[in-house]
Amino acid sequence: MPDDVLASDTANHIAANISADASFEPLAFVLVERCAARVLLPCALVMRERPGAQAYITTVAGGLDNRMVGVEVSLDSEAGRALTDGLPVVSGTDEKVIALSRGDRRRYTGGGISIPMAQGGSVYGAILAFGVPSMGAREAVALLSEDARKFGPVIIPAYLAATSARRADTDELTGLANRRVLNRLISRNNVGERASLIVIDIDHFKSVNDTFGHPTGDMALRHIARLLREAVRPLDTAARIGGEEFAVWLPGADPATGAEVAERLRSTIEATPFRHQGQERAITISVGVASYPTPIRAVENLMGAADTALYTAKRAGRNQVVASRAQAS
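Worth saying up front: this structure is predicted, and the values here are computed from it rather than measured.

Please give an account of the nonpolar core that cites residues and values.
Counting 31 residues, the largest nonpolar core has Phe24, Leu45, Ile127 and Ile155 as its most contacted members. Contributions of two or more residues to this core are made by helix H2 (24-39), strand S1 (43-47), strand S5 (112-119), strand S6 (122-130) and helix H4 (137-168). The dominant element in this core, judged by the number of residues it contributes, is H4, at 12 residues. Beyond its immediate stretch of four places on either side in the chain, leucine 45 contacts Phe24, Ala28, Leu31, Val32, Tyr56, Ile57, Thr58, Thr59, Met117, Ala126, Ile127 and Ile155. In terms of nonpolar packing, the next biggest core, distinct from the first, is built from 27 residues, Phe246, Ala253, Phe274 and Ile283 among them.

Which residues make up the pairing of strand S12 (residues 285-292), and what are the values?
Among the eight residues of S12, eight are classified as buried, and the element is accordingly described as predominantly covered. Side chains of S12 alternate between two faces, with Ile285, Val287, Val289 and Ser291 and Ser286, Gly288, Ala290 and Tyr292 buried alike. Bridging between strand S7 (residues 195-202) and S12 involves eight bridges; their strand directions are antiparallel. Residue isoleucine 202 lies in a different strand from S12, and its bridge partner there is isoleucine 285.

Any chance you could break down the pattern of salt bridges for me, citing the residues and the numbers?
Scanning the entire structure with this criterion turns up 15 salt bridges. Between arginine 34 and aspartate 147 there is a salt bridge; the shortest N-O distance is 2.9 Å. On the criterion of sequence distance, the pair formed by arginine 34 in helix H2 and aspartate 147 in helix H4 is long-range, its members being 113 residues apart. Assigned by exposure class, arginine 34 and aspartate 147 land together as buried. Ionic pairing is found between aspartate 169 and arginine 184, a salt bridge with its closest N-O pair at 3.0 Å. Here arginine 184 lies in helix H5 (residues 179-188) and aspartate 169 lies in the loop between H4 and H5, a separation of 15 residues in the sequence. Residue class for aspartate 169 comes out buried when judged on its relative accessible area of 19%. Three or more residues are tied together by salt bridges with common partners; here these are Arg34, Arg38, Glu146 and Asp147.

Before we move on, can you summarise the side chain of asparagine 209 with the specific residues and values?
Along the chain, asparagine 209 falls in helix H6 (residues 205-212). Look past the residues within four positions of asparagine 209 in its chain and what remains in contact with it is His214 and Gly217.

Help me get a handle on the sheet that holds strand S13 (residues 321-323), residues and values and all.
Taken in spatial order, the five strands make up an open sheet running S8-S9-S7-S12-S13, and their pairing is mixed. Two strands in the sheet have a free side with no partner beyond their single neighbour: strand S8 (237-240) and S13. Mean inter-strand twist for the sheet, computed between neighbouring axes without regard to direction, equals 20 degrees. Against the sheet, helix H7 (residues 214-231) touches S7, S8 and strand S9 (245-251), its axis set at about 10 degrees to S9. Sheet contacts for helix H9 (residues 302-315): S7, S9, S12 and S13; angle to S12, the most-contacted strand, approximately 145 degrees.

Quick one: what's the story with the side chain of threonine 216, residue by residue and with numbers?
Mapped onto the elements of the fold, threonine 216 is located in helix H7. A distance of 3.3 Å separates a polar atom in the side chain of threonine 216 from the backbone oxygen of phenylalanine 212. With near-sequence residues (within four places) excluded, threonine 216 lies in contact with Val208, Phe274 and His276.

Explain the sheet that holds S6 residue by residue, including any values.
Ordered in space as S3-S2-S1-S6-S5-S4, the six strands form an open sheet in which the pairing is antiparallel. In this open sheet, the two strands that pair with only one neighbour each are strand S3 (72-73) and strand S4 (89-91). Judged from the four bridges that link them, S1 and strand S2 (residues 55-60) form a sheet pairing that is antiparallel. In the strand pairing of S2, leucine 45 is matched with threonine 59. Sheet strands touched by helix H3 (residues 78-85): S1, S2, S3, S4, S5 and S6. Its angle to S6, the strand with the most contacts, is close to 150 degrees.

Basis of the calculations
- Residues numbered from 1 in each chain as written.
- Predicted model: local features only at pLDDT ≥ 70, side-chain atom pairs only at ≥ 80, totals over all residues.
- Heavy atoms only, no water.
- Core = buried A, V, L, I, M, F, W, Y, C linked by side-chain atoms within 4.5 Å.
- Buried < 20%, exposed > 50% of the residue type's maximum accessible area, 1.4 Å probe, protein only.
- Helix = DSSP H or I, 4+ residues; strand = E, 2+ residues; numbered from the N terminus.
- Contact = heavy atoms within 4.5 Å.
- Pairing = 2+ DSSP bridges.
- Salt bridge = Lys/Arg side-chain N within 4 Å of Asp/Glu carboxyl O.
- Axes fitted to C-alpha atoms, helices over the stretch in contact; angles between N-to-C directions.
- Polar contact = N/O pair within 3.5 Å; in protein donor to acceptor, adjacent residues only side chain to side chain.

Purely geometric numbers; function is a separate question.
The structure is reproduced here in structure tokens:
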């Protein structure tokens, strides 16, 4: 079977058999693995929401460091030129397709190919191949361009649909999940399956905004969000659910674990001030914890119980954790 038929059939088959909001990742993985096999080089996919927007590596094939996923691709880089110019770019052996500045990432030799992926005359992404193709640049460009044409009409809509769905579930300022996601997780918790909910409020946050201005307040919120994101397990969910209010959903966590995690978050935030205009500014939080099915017997009462515990912590002087002991039903 010709390769171009295989590419088209593979993309269309996957797209037809999985939901729109879940289709991008498997499609992208098929694409980069296929490209890597065709040109015998490690490959990655870069995408952006619209022309002119920031571009990020979304998918890597085997042979590349998975930590590259999420790295921003500068429009001044070789890969960026493919996005801005809409033309294939072949990098010389003394050039890098993208610049990996983080010290913990693998170092790559120079050379590579960047192939734009377009729809309706607008470039939304690029296929990247790292290194010098043994078959020659011209043949490699032809093969990768063929895949970009075949997969583009499926990959780009799938990416935009996934991005739109993710945005609806994401707090724009902090990048955390929003209240909608948290409510969905709580409501979907299986009957009798243990879980704990932590609710967090930044102490005296109004004074931060009043004294230093809302941009500084936003910095503080992003600072808290980063600490929460780094402190929880992959299966946990950190969310921003109000102005200065956050929550952490801990599936499978009993009351002792919930309280332990809550105290760890409180102490971590207290010990990690954020920097503003060259100065460190300390932040503390008040925390409420509630656990299901003990002591909270109805999962729909978790939020109310955690909120009550939070306000108990605030009334008791702030910068502390209070766990709910109510037998709510």
